[in-house]
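# Understanding the architecture of this molecule
What follows is each chain in one-letter form.
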Amino acid sequence: MPNRIHVAFVAGLLATAVFGIAQTNVQVKQVPVNPTSAASGKLMYQNYCIVCHGADGKGDGPAAVALKDQPTDLTMLAKNNGGKFPDDRVYTVLQFGVETPAHGTKDMPIWGPALRSLAKGSSAADMQEHQRIANLTMYLKSLQQM
Ligand code: HEC
């Protein structure tokens with residue numbers, strides 16, 4: 001089976017490596033979340049989010065075809081919210097995941113515990129989790145199209 005894309009995922013969920021370009025057979029698997037700088041929303045996005053949401057945030061990452069739910073177009077969050085970027089909602093979604101769906105489970109990972117795990121139990125874990133989520137939220141804000 002040569003034409004196969006493996007999209008690796010994080011332990012709390014996170015996707016990364018894409019091996020080869022294929023047509024239809026995409027597999028998504030979980031891998032441990034790799035360390036990144038908590039200071040860079042962009043770097044975290046590139047490591048954790050791009051595989052589903054795509055390089056420009058439009059929801060067309062390589063893993064998208066393997067998911068039941070289409071990844072949200074993250075460049076439209078403000079537009080779809082009356083022109084105001086929904087900071088609080090995005091922060092909450094990243095920390096606790098999307099709201100429980102009526103049918104089945106969501107493909108969007110819950111990031112709080114995975115990002116927190118990068119602090120390795122340090123006493124500053126709360127602060128680091130907050131910093132990571134806040135910086136990711138700010139990065140998404142910078143992607144908005146009006
Ligand atoms: C495994 C694929 C996958 C990964 C990795 C992923 N997402 Fe998502 N994301 C989704 C899917 C699917 C949805 C749509 C969920 C739904 O049905 O509402 C979504 C929705 C979202 C939403 C919109 C929630 C809302 O309704 O307001 C935001 C914001 C978001 N993702 C941010 C991120 C960020 C930031 C990262 C990286 C830290 C990330 N996602 C990583 C699949 C993924």
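Above this note sits the structure.
I will try to describe carefully the structure that is included in this document. Only a predicted model underlies this, so the values are computations on that prediction, with no experimental measurement involved.

## Examining the overall build of the protein
A count of helical and extended segments in the protein gives five helices and two strands. The buried share of the protein, taken over its 146 residues, is 40%. If you take every contact in the protein between residues at least 6 apart in sequence, the share linking residues at least 24 apart comes to 41%. Total accessible area on the protein stands at roughly 8200 Å², and carbon and sulfur atoms take up 57% of it.

## Details of unusual backbone geometry
With a phi close to 50°, K120 is a non-glycine residue in the positive phi region. When you line up the elements, K120 lands in the loop between α4 (112-117) and α5 (125-142). Relative accessible area serves as the criterion here: at 68%, K120 is assigned to the exposed category.

## As for the side chain of T75
Tracing the sequence through the fold places T75 in the loop between α2 (50-53) and α3 (87-96). Here T75 falls in the buried class, since its relative accessible area comes to 1%. A distance of 2.6 Å separates a polar atom in the side chain of T75 from a polar atom in the side chain of D73. Look past the residues within four positions of T75 in its chain and what remains in contact with it is D56, G57, K58, L143, Q144 and Q145.

## Digging into the coordination of the iron atom of the ligand
For the iron atom of the ligand, the protein coordination sphere consists of H53 (NE2) and M108 (SD), at 2.0 to 2.1 Å. Classification of the site at the iron atom of the ligand as octahedral follows from its six donor atoms and the range of 87 to 178° in their angles at the metal. Here M108 lies in the loop between α3 and α4 and H53 lies in helix α2, a separation of 55 residues in the sequence. The buried category is assigned to H53, whose relative accessible area is 10%. Residue classification places M108 among the partly exposed positions, given a relative accessible area of 23%.

## Comments concerning the layout of surface pockets
Space inside the largest pocket adds up to approximately 600 Å³. Surrounding the largest pocket, 31 residues form its lining, H53, T72, V93, V98 and M108 being those nearest its centre. Tallying contributions element by element places α3 first for the lining of the largest pocket, with five residues. Classifying every residue of the lining of the largest pocket by side-chain character gives 21 nonpolar, five polar and five charged.

## Side note on the environment of V28
Among the secondary structure elements, V28 is positioned in strand β2 (residues 25-31). With relative accessibility at 30%, the residue V28 sits in the partly exposed group. When the C-alpha positions of V28 and V65 are compared, they lie 10.0 Å apart, and in sequence the two are 37 residues distant.

## Observations regarding the packing of aromatic side chains
Under the criterion given, the structure shown has two aromatic pairs. Here Y45 and Y139 contribute two aromatic rings whose centre-to-centre distance is 5.4 Å and whose plane-to-plane angle is 45°, an arrangement assigned as tilted. One end of the pair, Y45, is in helix α1 (residues 41-48); the other, Y139, is in helix α5, with 94 residues separating them in the sequence. Accessibility classification places Y45 together with Y139 in one group, the buried group.

## Section: α1
Listing the buried residues of α1 in full gives G41, M44, Y45, N47 and Y48. Those residues of α1 hidden inside the fold are in contact with α2, α4 and α5.

Quick notes on the rules
Residues numbered from 1 in each chain as written. Predicted model: local features only at pLDDT ≥ 70, side-chain atom pairs only at ≥ 80, totals over all residues. Heavy atoms only, no water. Helix = DSSP H or I, 4+ residues; strand = E, 2+ residues; numbered from the N terminus. Buried < 20%, exposed > 50% of the residue type's maximum accessible area, 1.4 Å probe, protein only. Contact = heavy atoms within 4.5 Å. Areas by Shrake-Rupley, 256 points an atom, 1.4 Å probe, with all protein chains shown as cover. Polar contact = N/O pair within 3.5 Å; in protein donor to acceptor, adjacent residues only side chain to side chain. Donors = N, O, S within 2.8 Å, 3.2 Å for Na, K, Ca; no water. Tetrahedral: all angles 85-135°; square planar, octahedral: opposite > 155°, others 65-115°. 1 Å grid on protein atoms, 1.4 Å probe; cavity = no way out; pocket = protein on both sides within 12 Å on 5 of 7 lines; lining within 4 Å. Points joined across faces, edges and corners; volume = space filled by probe spheres on them. Nonpolar A, V, L, I, M, F, W, Y, C, P; charged D, E, K, R; others polar. Phe/Tyr/Trp six-rings, centres within 6.5 Å; stacked < 30°, edge-to-face > 60°.

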